[in-house]
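Chain residues, written in single-letter form:
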Amino acid sequence: MKNNFAVLGLQWGDEGKGKIVNFLSDRADAACRYQGGHNAGHTLIINDEKIVLHLLPSSICHKNALSLIGKGVVISCEALFEEIEKIEPIAKNIQERLKISPACSLIQPYHILVDQLKEKSNSFNTIGTTLRGIGPAYEDKVARRAIRIIDTLEEAKLTEKLEENVSFYNFWLENYFGHEKLDYEKIKDQNLAYGEKLKPLLADVSSVIQSLNDSGKRVLFEGAQGALLDVDQGTYPFVTSSNCSPAGIASGAGIGPLDVNYILGVVKAYVTRVGEGPMPTEIHDALGEEIANKGGEVGATTGRPRRCGWFDAVTVKRIIRSNNVSALCLTKIDVLDFLETIKICVDYDYKDGTNDYAECMDLESAEPKYIECKGWKTSLKGINRYEDLPLEAIEFIKKVEEVCELPVDIISTGPNDMGTIVVNKDI
Ligand code: IMP
């Protein structure tokens, strides 16, 4: 059996995946991003230095691990090369260790523009996107007109596809948004230049993973965003445009659905959300703000404040059940140190009766029903042994396990590796 594993968020993103992927990177020979783009913001603390990665896999700082970007990722070349340049002093041999699929779709200047114009316009639903062009880039992919990396390697091929795209977008920009047209030649030249730069990094990522597995090596799949932002499983339409749940791993990385044998679902001890959309357990008063302050809940990509709420076991359980999640990693438990009482949502009452269509994740009318746990009122920061946790914290963790019907294999008590309790040593 292949020994691959995955780490991904089960809420609305920002669960603290970056730290966990970086922590577990030692146990893998490669890490692979398989969906999303530079809308992600994975924060790692290495030698007391804070590093935020948007596009590169969190393994990039581990000198022996390969870092793979699978075909399900949409790439902004500008963001990619900026990030490489920034990380180069810390991450060694990036040119040899980073492998990108030539099948990745590229984010173009018109995608970013349309994302921004749509969000500003009154004629479209405001989603609160990261304004990075992610949605429009995925729209092009599904519409079968995307410019993929491979297209930038040959001028004739690029010209044919790009001309069609730019004239399509220019028509839309000019006639719908009243915006000036984009310069086709400039975009073409940029694409060709990026193609040259990308060439040495390209590899058939799907085959690289197979070869690694054939020689007994282990690959870690790193999810971006969170399952509740998954375009099919999340709170549609307030979602991102990719499959950030485990379902996206196979298609986005180019592996078989049975090639991952351990899926670690990362959940924060409370929930947060950036952007619009329903969040039944949101705390609207000063307490929500206090949790946000203590948890440093500001978007790593956009700097926007995150909305905070109580742990919602209903949505998490739904994702767990439909995604073969193996175990949980509970993060930021130390943020709740100050609380007298901690709530966990275990059920919903729907204002308009029962919900026969729960699969639609239409949570606007869901009223949360809570159980309460006693707070521990002492600092958990940096604790790295289960037996050093106060009784009330253990009770809270056990409650999370009970309501989610899954074991908590890792507990995170702080932003760096020191604050990590590995409960299941077999990971
Ligand atoms: P987009 O991915 O930029 O299209 O944004 C769609 C929705 O997903 C918005 O609500 C964003 O705030 C949210 N989102 C995108 N990326 C992240 C992330 O990495 N963490 C948390 N929320 C995200």
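Notes on the structure follow. If you're wondering where the values come from, they're calculated on a predicted model, not measured in any experiment.

1. What to know about the pattern of salt bridges
No. 1: As enumerated under the stated definition, the model contains 23 salt bridges in all.
No. 2: Here D140 makes a salt bridge to R145, at a shortest N to O gap of 2.7 Å.
No. 3: Classification of D140 as buried rests on a relative accessible area of 1%.
No. 4: With a closest N to O distance of 4.0 Å, R385 and E387 form a salt bridge.
No. 5: The exposure class of E387 is exposed, given its relative accessible area of 57%.
No. 6: Here the salt bridges do not stand alone but share partners, grouping D14, K268, E297, R306 and K332 into one network.

2. Observations concerning the environment of F124
No. 1: Inspection of the secondary structure assignment puts F124 in the loop between α4 (109–120) and α5 (134–142).
No. 2: Beyond its immediate sequence surroundings of up to four residues, F124 is in contact with K118, W172, Y176 and F177.

3. What about α4?
No. 1: When the terminal C-alpha atoms of α4 are compared, their 17 Å separation across 12 residues agrees well with the 16 Å that a helix rising 1.5 Å per residue should span.
No. 2: Among all positions in α4, only Y110, H111, L113, V114, D115, L117, K118 and E119 are buried.
No. 3: The inward-facing, buried residues of α4 abut β8 (105–106), α5, α6 (155–175) and α7 (184–198).

4. As for a negative patch on the surface
No. 1: A surface patch of like charges, here negative, comprises E160, E163, E164, D183, E185 and D189.
No. 2: The set of elements that each furnish at least two residues to the negative patch consists of α6 and α7.
No. 3: With three residues, the top contributor of residues to the negative patch is α6.
No. 4: The residue D183 is located in the loop between α6 and α7 in this model.

5. Some thoughts on the side chain of S245
No. 1: Considering the arrangement of structural elements, one finds S245 in the loop between β9 (219–226) and α9 (247–253).
No. 2: Under the relative-accessibility criterion, S245 is labelled buried at 0%.
No. 3: Not counting residues up to four positions away in its chain, the partners in contact with S245 are L8, Y34, A227, D230, Q233 and N323.

6. Comments concerning the site of the ligand
No. 1: Around the ligand, the structure places 16 residues, and the nearest of them are D14, N39, T130, T240 and R304.
No. 2: Between the ligand and G128 there is a distance of 3.3 Å, counted from an oxygen atom to a backbone nitrogen or oxygen.
No. 3: In the model, a nitrogen atom of the ligand is placed 3.3 Å from a nitrogen or oxygen of the Q225 side chain.
No. 4: When the ligand is considered free in solution it has 470 Å² of accessible area, and contact with the protein chains removes 97% of it.
No. 5: Each residue belonging to the shell around the ligand can be placed in one class, and the counts come to six nonpolar, eight polar and two charged.

Thresholds applied
- Within each chain, residues carry numbers counting from 1 in the order of the written sequence.
- Since the coordinates come from a predicted model, pLDDT governs what is reported: local features require at least 70, and pairs of side-chain atoms require 80 or more to be given and counted, while whole-chain, interface and lining totals use all residues.
- To obtain the side-chain values, all non-hydrogen atoms of the structure were used and water was disregarded.
- Take a side-chain nitrogen of Lys or Arg and a carboxyl oxygen of Asp or Glu: if they are within 4 Å of each other, that pair is a salt bridge.
- For every residue, the accessible area obtained with a 1.4 Å probe (protein chains only) is divided by the maximum for its type, and the residue is called buried under 20%, exposed over 50%, and partly exposed between those limits.
- Counting from the N terminus, the helices are DSSP H or I runs at least four residues long and the strands are E runs at least two residues long.
- Contact definition: two residues touch when any of their heavy atoms are within 4.5 Å.
- Multiplying one less than the number of residues by 1.5 Å gives the expected span of a helix.
- Like-charged residues are merged into a patch within 9 Å and nonpolar side chains (Val, Leu, Ile, Met, Phe, Trp, Tyr) within 5 Å, provided each residue has over 30% relative accessible area and no salt bridge.
- Surface accessibility follows the Shrake-Rupley procedure with a 1.4 Å probe radius. Residue values consider only the protein chains on display as shielding.
- Only four residue types enter the tally: Lys and Arg on the positive side, Asp and Glu on the negative side; His and the chain ends are excluded.
- By convention, the charge on Lys lies at NZ, on Arg at CZ, on Asp at CG and on Glu at CD.
- Neighbouring residues are identified by heavy atoms, a residue being near a molecule or strand if any of them is within 4 Å of it.
- Contacts described as polar in this section are N or O atom pairs within 3.5 Å, which, within protein, must combine one atom able to donate a hydrogen with one able to accept it, while residues neighboring in sequence count only if both atoms come from side chains.
- Here the term charged refers only to Asp, Glu, Lys and Arg, the term nonpolar to Ala, Val, Leu, Ile, Met, Phe, Trp, Tyr, Cys and Pro, and the term polar to all other amino acids, Gly among them.

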